[in-house]
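# Residue-level structure breakdown
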Amino acid sequence: MSSIRNISLGLPVRSGHVLMLDGTDSVTGENFHRLIGGGVEFGETAEAALRREFAEELGVTLGSVEFRSTCNSESSTKVVQSTGY
């Protein structure tokens, strides 16, 4: 039985520049960029998860956070539905 893992991701923008993380696929060896964030823990809001992940991964405290989009995907690399405003 498959399960759903909720994640919260952010794309910080400052002076027209964005910050993303670099990674390498362990199977294919391909390099990629990804948004910063991670899993939402039980009882945690998406915003709280995003703030926690930025603190853990970058050691920073976020200022204002603006919701932009929700995505449903079959895998971490193929987005099958995206909605936003």
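To be clear, the structure that these remarks concern was listed above.
Here we summarise the structure given alongside this text. Note that the structure is predicted; figures quoted are calculated from it, not measured. (Residues numbered from 1 in each chain as written. Predicted model: local features only at pLDDT ≥ 70, side-chain atom pairs only at ≥ 80, totals over all residues. Heavy atoms only, no water.)

### Side note on unusual backbone geometry
Trans peptide bonds make up the majority, and among non-glycine residues the majority have a negative phi. Filter applied, for reference: Helix and strand definitions here come from DSSP, where helices need a minimum of 4 consecutive H or I residues and strands a minimum of 2 consecutive E residues; each element is numbered from the N-terminal end.
With a phi close to 50°, serine 15 is a non-glycine residue in the positive phi region. Structurally, serine 15 can be placed in the loop between strand 2 (13-14) and strand 3 (17-18).

### Observations concerning the pairing of strand 4 (residues 21-24)
Basically, it comes down to this: We call two strands paired when DSSP finds no fewer than two bridges between them.
Here strand 4 runs beside strand 5 (residues 31-34); their pairing, made up of 4 bridges, is antiparallel. Across the sheet, threonine 24 pairs through a bridge with asparagine 31, a residue of strand 5. In this antiparallel pair of consecutive strands, strand 4 and strand 5, the connection spans 6 residues, and glycine 29 shows a positive phi of 80°.

### A short note on a nonpolar patch on the surface
Note the threshold: A residue counts toward a patch only above 30% relative accessible area and without a salt bridge, and it is joined to like-charged neighbours within 9 Å or, for Val, Leu, Ile, Met, Phe, Trp and Tyr, to nonpolar neighbours within 5 Å. For accessible areas, the Shrake-Rupley method is used with a probe of radius 1.4 Å. Any residue's cover is judged against the shown protein chains and nothing else. Note on definitions: salt bridges are taken to be side-chain nitrogens of Lys or Arg within 4 Å of carboxyl oxygens of Asp or Glu.
A contiguous nonpolar patch, built from Leu11, Val13, Val18 and Met20 and spanning about 350 Å² of accessible area, is present on the exposed surface. Along the chain, the position of valine 18 falls in strand 3.

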